[in-house]
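Single-letter residue listing:
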Amino acid sequence: MIVLKFGGTSMGSAKRMEEVFRLVKREGPCVVVLSAMAGITDKLIRAGSNFKIGDREEGQNDLQWIRNRFEDTCVELFRQKVSRDTIMLFLEKAFGDIVFRVSGEITQETINWLIVQGEMITSHIFSDYMQERGFPSVLLDAAGFMRLDEAGEPDLPAIERRLPPMLGLGGDLIYVTQGFVCMNHRGETDNLKRGGSDYSATLIGAAVRAEMIEIWTDIDGMQNNDPREVENTFSIRRLSFDEAAELAYFGAKILHPACVWPAQQFNIPIWLRNTMDPENPGTMIRSGGERQQITAIAAKDHITAIRIRSGRMLNTYGFLVMVFKVFEDFQTPIDMITTSEVSVSLTIDNDIHLDGIVGALEKYGAVEVDRDQSIICVVGDFLVDRYGSAARILHSLPDIPIRMISYGGSQNNISFLVSSADKKRALNALNVGLFRMTKIPDYAHS
Ligand code: ASP
Ligand code: MG
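All values reported here derive from a predicted model rather than from experimental measurement. (Residues numbered from 1 in each chain as written. Chains lettered and ligands numbered in written order. Predicted model: local features only at pLDDT ≥ 70, side-chain atom pairs only at ≥ 80, totals over all residues. Heavy atoms only, no water.)

**Student:** Could you give an account of the overall build of the protein, with specific residues and numbers?
**Tutor:** Within the protein, the regular secondary structure consists of 14 helices and 16 strands. For 446 residues, the compact-globule formula gives about 22 Å, and the C-alpha radius of gyration of the protein, at 24 Å, lands near that figure. Overall, the protein is about 75 × 50 × 45 Å in size when its C-alpha atoms are taken along their principal axes. Looking at the protein as a whole, 53% of its 446 residues are labelled buried. Considering only residue pairs separated by 6 or more positions, the protein has 74% of its internal contacts joining residues 24 or more positions apart. Carbon together with sulfur atoms contributes 52% to the accessible area of the protein, which is approximately 19800 Å² in total. Considering the protein, the positive charge centre built from 47 side chains and the negative charge centre built from 59 side chains are found 2 Å apart. (Helix = DSSP H or I, 4+ residues; strand = E, 2+ residues; numbered from the N terminus. Rg over C-alpha atoms; globule rule 2.2 N^0.38 Å. Buried < 20%, exposed > 50% of the residue type's maximum accessible area, 1.4 Å probe, protein only. Contact = heavy atoms within 4.5 Å. Areas by Shrake-Rupley, 256 points an atom, 1.4 Å probe, with all protein chains shown as cover. Lys, Arg positive; Asp, Glu negative; His and termini not counted. Charge placed at Lys NZ, Arg CZ, Asp CG, Glu CD.)

**Student:** Can you lay out the packing of helix H3 (residues 56-77) against helix H4 (residues 81-103) for me, pointing to particular residues and giving the numbers?
**Tutor:** Where H3 contacts H4, the axes come no closer than 11 Å and their chain directions differ by 165 degrees. One way to sum up the angle between H3 and H4 is to call them roughly antiparallel. Considering how the two elements wind past one another, H3 and H4 form a crossing that is right-handed. Of the residues in H4, those touching H3 at Arg 56, Gln 60, Leu 63, Ile 66, Arg 67, Phe 70, Glu 71, Cys 74 and Val 75 are Arg 84, Ile 87, Met 88, Leu 91, Glu 92, Phe 95, Ile 98, Val 99, Val 102 and Ser 103. (Axes fitted to C-alpha atoms, helices over the stretch in contact; angles between N-to-C directions. Parallel < 35°, antiparallel > 145°, perpendicular 65-115°, else oblique. Left-handed = near helix turned anticlockwise from the far one by under 90°.)

**Student:** I'd like a rundown of the nonpolar core, residues and numbers included.
**Tutor:** Within the largest apolar cluster, 106 residues are counted, with the highest numbers of intra-cluster contacts made by Phe 6, Val 24 and Leu 255. Among the elements that make up this core, the one with the highest residue count is H4 (7 residues). Beyond its immediate sequence surroundings of up to four residues, Phe 6 is in contact with Met 11, Val 20, Leu 23, Val 24, Val 32, Val 33, Leu 34, Ser 35, Trp 216 and Thr 275. Of all hydrophobic cores here, the second largest spans 19 residues; its members include Val 230, Val 378, Leu 397 and Ile 414. (Core = buried A, V, L, I, M, F, W, Y, C linked by side-chain atoms within 4.5 Å.)

**Student:** Which residues make up the side chain of Thr 110, and what values go with them?
**Tutor:** Note that Thr 110 resides in helix H5 (residues 108-115). Of the polar contacts made by the side chain of Thr 110, one reaches the backbone oxygen of Glu 105; its length is 3.3 Å. Those residues in contact with Thr 110, other than ones at most four positions away along the chain, are Arg 101 and Glu 105. (Polar contact = N/O pair within 3.5 Å; in protein donor to acceptor, adjacent residues only side chain to side chain.)

**Student:** Provide a residue-level description of H3, including the pertinent values.
**Tutor:** The end-to-end C-alpha distance of H3 is 31 Å, a good match for the 32 Å that 22 residues give at a rise of 1.5 Å each. Among all positions of H3, only Gly 59, Asp 62, Leu 63, Ile 66, Arg 67, Phe 70, Thr 73, Cys 74 and Leu 77 are buried. Axial view of H3: buried residues confined to an arc of 130 degrees, hence all on one face. Every exposed residue of H3 that faces more than 90 degrees away from the buried side is listed here: Glu 57 and Asp 72. In this structure, the buried residues of H3 make contact with helix H1 (14-25), helix H2 (40-52), H4 and helix H6 (117-132). (Expected span 1.5 Å × (residues − 1). Arc of directions from axis to C-beta.)

Such coordinate-based values are descriptive only and should not be taken to indicate function.
Structure follows, in C-alpha cells:
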C-alpha cells in the first residue's frame, strides 16, 4: 500500500484535479490524502471570524465565494449531466449544513468544524470525479480514524486501531480521504493545524505500514535554501529523516513541521514530488546512504529571544532547572539555548505567554527580550565537523550580527539567531558561501 498526498495547489482547479486523477489512476491500491483547494481554508477561517464578531454579511459573502469556487470547478470538471447534477445536489446540502451551523452560537468547536469543510468538500468532489471516469474509489471520513490525544497531539495507537479495519475490503482499492481533519479527545471535529495534511499522510502511512508516502506539491522537492528569499536554489535529491525533520521544523514550508516522525518510526520513505513535473526525481527522504557535509538551509521567523542574566548562575547548579521550570509551567517550548557563566539565552516561537514568562523569570535575574528574530538553520552532517563546516558558515557571514549560535546539540544542525531584518541577507550570503551559488543579489552589496 502506498499513500499519496496532494496539496491545495495540486487540487487548485478542475485542470489540476484532472492531472491528479491521471497520477492516481496509474498507481495500484493506495490511500489518496487531499487538502482543500488552494485558498479555501484561508477563506473559511475568515468566514469563521466574521461570524464570530457578528459580521454575518461578510461571513455570508465569504461562504458565497467558496461556494462559487466549488461550483465553477465542478461545472468544468464533470462531463456528464447526471454526475454534475449529483455533485450540485451535494454542494447544496453541504452549504445548507454550513449555514445552519453558523446560524447558532459560534464556539471554538463551530470554528474547528467549519475550517475543515474545505477538505470534506474537495475530497467528495474528487471521489465523485473518479467515479465518473470509471475508477471507483472508497471515500473515507478522516474523522472516523484520525485522533488527537488529550494533549492535542496525534494519537497514533488510536489511529492504528481504527484505520486498518476500514481498509478491510481487501486493501486493493483506491481510498480517498481528507488531510487536516481529525477528531479530538472530546469527540469533536478538529484539525492538525495549518499545513496539517502532510501530517495526515505520514500518520496514515505509519498506521497502515505503507511502503511509501508520496507528498505531491508544486515544486521539485525540498530546496537547498528558501526559494522565496534566495534566487538560485536547487532541489535536494536525498535527505535523512533527521535532516528533513530539522528543515521542516526550522521553516522549510514544503513540509508540516512535525510530520516526519511517524514515517521515521517505521522507516517508511517520504518522497516529495511535483504534480507539474511528475518525472522529476524530487526529494527522497529515507534512512541510510551517503551523507552530504552541508545539505540545506532553512529559516524560521517570529522568534523571540530571552536572556536571563544572573550572578547566581555562578556555581549554582539549580539555576537552569528553575529557568526551564518557568517554560514548563507556561507550556512554551524552547527552540534554541546557549549559556555562559552568568547568563542564559533562549528562544521561543510561541509568545502568547511572554508576559507571564518574563514576570516569572525576573525572580531569578535581569531579563532582556528581543522580538522579530529569525533562526537560520544549516542542516548537514556535522559529526565532529571534520570538514570545517562551522568555519565556512561563519566565514560566509562576516557582516551579519549574530545574536546566538547553537552548535553540537545535534550532529546535523548548526543554527544561529539573527534579527529578521538581516535574514534575507544572511540566507543569500550562505547560498554563496556554502553552495558557491555566486549570483549575488544587488542589495547584498548595499
Ligand atoms: N487546508 C489546510 C491548510 O490550508 C491543510 C493543508 O493544506 O495541509 O492549512
Ligand atoms: Mg502544505
